[in-house]
Amino acid sequence: MKGDSKGRCAWQKLFKAVHGVIYVVDCTRDDQWAQDKDFLESLLINPAFKGAPILAILNKLDNPTQGLVNRLNLQFTDVLGKTTGKGTRSQALQKRPFEVFQCSAHRRSGYQNGFEWLASYID
Ligand SMILES: Nc1nc2c(ncn2[C@@H]2O[C@H](COP(=O)(O)OP(=O)(O)OP(=O)(O)O)[C@@H](O)[C@H]2O)c(=O)[nH]1
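Residues numbered from 1 in each chain as written. Predicted model: local features only at pLDDT ≥ 70, side-chain atom pairs only at ≥ 80, totals over all residues. Heavy atoms only, no water.

As annotated in an unreviewed UniProt entry, the chain carries the name small monomeric GTPase and is attributed to Zootermopsis nevadensis. Quoted verbatim from the Sequence similarities (unreviewed entry) heading of the UniProt record, the comment on the chain is "Belongs to the small GTPase superfamily. SAR1 family." UniProt, in its Catalytic activity (unreviewed entry) section for the chain, records the words "GTP + H2O = GDP + phosphate + H(+)". (UniProt positions renumbered as here; feature names shortened; annotations may be inferred.)

The next point concerns the sheet that holds strand β1 (residues 21-26). Hydrogen bonding along the main chain pairs the strands of a sheet, whether they run parallel or antiparallel. Sheet architecture is open: 3 strands sit in the order β1-β2-β3, paired in parallel fashion. In this open sheet, the two edge strands, each paired with only one partner strand, are β1 and β3 (98-102). The sheet shows a mean angle of 20° between the axes of neighbouring strands, taken without regard to direction. Of the strand pairs in this sheet, β1 and strand β2 (residues 54-59) are connected by 6 bridges, and their pairing is parallel. Following the sheet pairing, Asp-26 is matched in β2 by Asn-59. (Pairing = 2+ DSSP bridges. Helix = DSSP H or I, 4+ residues; strand = E, 2+ residues; numbered from the N terminus. Axes fitted to C-alpha atoms, helices over the stretch in contact; angles between N-to-C directions.)

Close approach of charged atoms lets side chains of opposite charge pair. The full count for this structure, using the stated rule, is 7 salt bridges. In this structure, Lys-37 engages Glu-41 in a salt bridge whose closest nitrogen and oxygen atoms are separated by 3.5 Å. Linking Lys-37 with Glu-41, this pair stays in helix α2 (residues 33-44), spanning 4 residues, or about one helical turn. The closest approach of N and O atoms between Glu-41 and Lys-82, which form a salt bridge, is 3.1 Å. Taken together, the residues span a long stretch of sequence, with Glu-41 in helix α2 and Lys-82 in the loop between α4 (77-80) and β3 at a distance of 41 residues. When salt bridges with common partners are traced through the structure, they connect Lys-37, Asp-38, Glu-41, Asp-78 and Lys-82 into a single cluster. (Salt bridge = Lys/Arg side-chain N within 4 Å of Asp/Glu carboxyl O.)

Below, the discussion takes up the nonpolar core. Note on soluble globular proteins: their nonpolar side chains tend to be buried together. Membership of the largest hydrophobic core comes to 20 residues, with the highest contact counts inside it found for Val-25, Leu-40, Leu-43, Phe-76 and Phe-98. Of all the secondary-structure elements, those providing two or more residues to this core are β1, α2, β2 and β3. With 5 residues, the single largest contributor to this core is α2. When neighbours within four sequence positions are excluded, Leu-40 is seen to be in contact with Tyr-23, Ala-56, Phe-76, Val-79 and Phe-98. Core analysis: the second largest hydrophobic core is formed by 8 residues, Phe-101, Cys-103, Tyr-111 and Tyr-121 among them. (Core = buried A, V, L, I, M, F, W, Y, C linked by side-chain atoms within 4.5 Å. Buried < 20%, exposed > 50% of the residue type's maximum accessible area, 1.4 Å probe, protein only. Contact = heavy atoms within 4.5 Å.)

Below, the structure written as structure tokens:
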């Protein structure tokens, strides 16, 4: 679903149960990174998604420079600090599973690992 401010208000009313959440960040839109970071933080504490794994995809990283990656890491420091591990599903995990994967949909790279990670938390 669209993630603009109008869409973000609407989509929370459109489901009965949530098995997982995928939030896609457009990395070419650095003017929206702060908003993306705030929204991801709100997802992590939203009781409607209690227990559901949350996958953040940093998309459009076709040829990421170190400078761009550094800027993303800086902007998303707070949420990156809340990730729970990219390894196989942890049965002992008490927290809501949350991970961030870099990807390029154009290059068809990165998102597969993210989807596999998410699927490992869905029964
Ligand atoms: N370079 C690049 N372009 C991409 C990638 N993924 C999608 N796009 C392009 O981005 C365009 C659409 O992206 P967006 O405008 O972000 O689409 P959207 O998220 O539905 O639209 P908004 O919610 O309005 O941002 C299309 O032209 C896609 O081809 C990617 O990984 N790399």
